[in-house]
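Each chain is listed here by its residues.
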Amino acid sequence: MKLRMNLVLLALAAVLLFFLPDLLKLFFDKASVSYLSLLINATSLAILALSWDILARTGQLSLAHAAFFGAGAYSTAILVKQTDVSLWLGLPLAALSAVLLALLLGSVTLQLRGIYFAIATLSFAEVLKAVIQKLPSSLAGGAAGINVEPLFRPQFIAGEMERWEIAFLRNESYFLLYAGLLLATIVLSLLIESSSLSYAFSAIRTNEEVAAVMGVKAARFKLLAFVLSSMPVGILGAIQAHRIGSVSPDETFNVGTTVLALVTPIFGGLYTSLGPILGALGLASIEEFLRRTFSEGYLIGYGIVLVLSILFMPKGIMGLLRSLRKAQRESL
Amino acid sequence: MSLLKVSRLSKQFGGLNAVQNLSFSVEEGMIFAIIGPNGAGKTTTLNMLSGLLTPTSGTIALNGQDITQLTAAARCHLGLGRAFQVVQPFPEMTVEENVMVGALFGARQSKQLALNQTHAVLEQTGLLRLKDTSADDLTLLQEKRLEIARALATHPSLLLLDEVMAGLRPKEAQEAVELIKTVNTSGVTIIFIEHVMPVVRDLADQVLVMDYGTPIAEGSYHEVTQNPQVIQAYLGTDEDAA
Ligand SMILES: Nc1ncnc2c1ncn2[C@@H]1O[C@H](COP(=O)(O)OP(=O)(O)OP(=O)(O)O)[C@@H](O)[C@H]1O
Ligand SMILES: [Mg+2]
């Protein structure tokens, strides 16, 4: 019932997102290009955050999401470089390599909890980065990385189109792709929430021993969560590689990706579908606002906002909304 | 064939023999009590039965099948249910959701069937009107009931209860005794750990007494309470406490 309503809302959102680039162009003209870039950042952050949250619902707080992202990006980059197959084949390949990696990492960390789990996942990501760097440079490009062809090449019609219009077309195509991936990730998350998986995930998160005694095969569900969480992130890495135009160990296996993957859902509210998305919209807007206001050293301001929000909204935006709604109900 | 057969079970924690050479059998349909002073190894025994601790040595057989190496979840699927001494509901879930976990994954059935069964179990344990309450907001009595309800939802053929009466007022304990009797009548074999002796007298068909990890007596309530070694064990701890 609730699922059906959410899916209807999501379909409406899909329609809106589809026309959003044209609306932006209509109202903002040239500025629509940078609005689209901002939206791409927010969408990509939302995909990362929501995927991370899916794994966190089983109590596994991963510091390895840069690895899934990087695996997706690199498998695509290598495929494109070494073969002539369609660029689009890179996306399912990226999902597959992220999933394989997730199964490997998930099985070796099954018995680990808390800080030990976190350290193991972080080291895993670092090791993978080092391995990529050491692979023969004819294969993986070494420390310099590999250039990646763009997925979209807008046709330039000389004299009829201005530069920004081409940039707009490019951004529009990528935005629709990111939006599609985000919608798919949201559907995945909603299906998990409304199915019996949510009971298993939440039971494992709060007390794995009791869950096991009640018949929950914790290992199986923890691995499943790893697989489901890594898939969108792998695809995201691949799309990003195309859009940025290159992969390299330092840029692609960036700890920053891992940090954003966990900070965003915490900021938005953990263990929900909406929380990580609100978190991504919030953080992307705050970052953009600070960048425009303070250009120099805006990251300091960003850090302060994060610290303050975690201090004053420990349950994130969702927690804030929940207590507002409760206060409202009580005042009636 | 006994429903449960425990053979020469031992558990060491470092140098401490928490359970030593413990053997007993439980017949189908029975209510079986394990008693003994604090630290006798009763909870450790249940932990080995339900698969949370690996025995140092010995075997456990359920329905003739050796389950010593099986995981806790696998044992649950074979019909072993467990209520914990220290209540530990899933605090972020409602009462209904807590029981649903057992009905879904212990009894392994569709969501609709699990929901029906959950409501039946909540009715039986007197929790139905609290179904939407957060498990975090329950009183101790309600938490104990929830502990039993969750175990029942897994559809056990053998139910392990660890001091479910502790902390309850006499009237509440009487209600719990009635509940356990009803559950037993519905065909569930029960092993319970208890310090409250009148409860043991009212419920147990057979009593096993443990002290310092070893079994010191087994028999009916009257037999074991007459046993000099048992009296000594209980008086001994009284002296220690004094
Ligand atoms: N995980 C553990 N690690 C080390 N020692 C333990 C562990 N669990 C129990 N013990 C020890 O084993 C002994 C038996 O403990 P157990 O909890 O089984 O006793 P019990 O009979 O259930 O006692 P009570 O009536 O107080 O619940 C105690 O000395 C206890 O301190
Ligand atoms: Mg105990």
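Fair warning: this is a prediction, and the values are worked out from it, not measured in the lab. (Residues numbered from 1 in each chain as written. Chains lettered and ligands numbered in written order. Predicted model: local features only at pLDDT ≥ 70, side-chain atom pairs only at ≥ 80, totals over all residues. Heavy atoms only, no water.)

(A) The nonpolar core, seen in detail. All names here are of chain B. Core analysis: the biggest nonpolar cluster contains 152 residues, and Val101, Leu161, Ile190, Phe192 and Val207 have the highest contact counts within it. Formed jointly, this core draws a minimum of three residues from each of two domains, domain 1 (4-79 + 156-241) and domain 2 (89-155). Here phenylalanine 192 is in contact with Ile31, Phe32, Ala33, Ile34, Leu161, Val199, Val200, Leu203 and Ala204, once residues within four sequence places are set aside. Grouped together as the second largest cluster of nonpolar side chains are 25 residues, Leu9, Leu22, Leu46 and Leu80 included. (Core = buried A, V, L, I, M, F, W, Y, C linked by side-chain atoms within 4.5 Å. Buried < 20%, exposed > 50% of the residue type's maximum accessible area, 1.4 Å probe, protein only. Domains from an automatic or database assignment. Contact = heavy atoms within 4.5 Å.)

(B) The interface of chain B and chain A, seen in detail. Each side of the interface is counted separately: chain B has 24 residues, and chain A has 21 residues. Of the roughly 1,900 Å² buried at the junction of chain B and chain A (both faces included), carbon and sulfur atoms supply 73%. Interface area lost by chain B to chain A is led by Phe90(B), Glu92(B) and Phe105(B), which between them contribute 30%. Along the contact surface separating chain B from chain A lie 1 salt bridge. (Buried area = accessible area lost by both parts, 1.4 Å probe. Salt bridge = Lys/Arg side-chain N within 4 Å of Asp/Glu carboxyl O.)

(C) Just a positive patch on the surface, in detail. Taken together, the side chains of Lys315(A), Arg322(A), Arg325(A), Lys326(A) and Arg329(A) make up a positively charged region of the molecular surface. Structurally, Arg329(A) can be placed in helix H15 (residues 316-331). (Patch = residues over 30% accessible without salt bridge, like charges linked within 9 Å, V, L, I, M, F, W, Y side chains within 5 Å. Areas by Shrake-Rupley, 256 points an atom, 1.4 Å probe, with all protein chains shown as cover. Lys, Arg positive; Asp, Glu negative; His and termini not counted. Charge placed at Lys NZ, Arg CZ, Asp CG, Glu CD. Helix = DSSP H or I, 4+ residues; strand = E, 2+ residues; numbered from the N terminus.)

(D) Fine view of the pairing of strand S4 (residues 57-62) of chain B. Residues and elements named next belong to chain B. Pairing between strand S1 (residues 4-13) and S4: 5 bridges, direction antiparallel. Within S4, the position partnered with valine 6 by the bridge is isoleucine 60. Relative to strand S5 (residues 65-66), S4 runs antiparallel, the two sharing 2 bridges. By the bridge assignment, alanine 61 is partnered in S5 with aspartate 66. Between S4 and S5, which pair antiparallel one after the other, the connecting turn spans 2 residues, and asparagine 63 there sits at a positive phi close to 55°. (Pairing = 2+ DSSP bridges.)

(E) Layout of the sheet that holds strand S2 (residues 16-26) of chain B. Residues and elements named next belong to chain B. The strand order across the open sheet built from 4 strands is S2-S1-S4-S5, with neighbouring strands paired in antiparallel fashion. If you trace the sheet from one side to the other, it starts and ends with S2 and S5, each paired once. In the packing of helix H1 (residues 42-50) onto the sheet, the strands contacted are S1, S2 and S4, and the crossing angle to S1 comes to about 115°. (Axes fitted to C-alpha atoms, helices over the stretch in contact; angles between N-to-C directions.)

(F) Molecular detail of the packing of aromatic side chains. Tallied over the full model, the rule gives 9 aromatic pairs over all chains. An aromatic cluster is defined as three or more aromatic residues linked by ring pairs; in this entry it consists of Phe68(A), Phe117(A) and Phe226(A). Just above the ring of Tyr271(A) sits the side chain of Arg205(A); from NZ or CZ to the centre is 3.7 Å. Above the ring of Phe90(B), the side-chain terminus of Arg150(B) is found at 4.8 Å from the ring centroid. (Phe/Tyr/Trp six-rings, centres within 6.5 Å; stacked < 30°, edge-to-face > 60°. Lys NZ or Arg CZ within 6 Å of the ring centre and 35° of its normal.)

(G) Inspection of the coordination of the magnesium ion (ligand 2) at higher detail. Around the magnesium ion (ligand 2), the protein supplies Thr43(B) (OG1) and Gln85(B) (OE1) as donor atoms, at distances of 1.9 to 2.3 Å. Of this pair, Thr43(B) sits in helix H1 while Gln85(B) is found in the loop between strand S6 (80-83) and helix H3 (95-106), placing the two residues 42 residues apart along the sequence. (Donors = N, O, S within 2.8 Å, 3.2 Å for Na, K, Ca; no water.)

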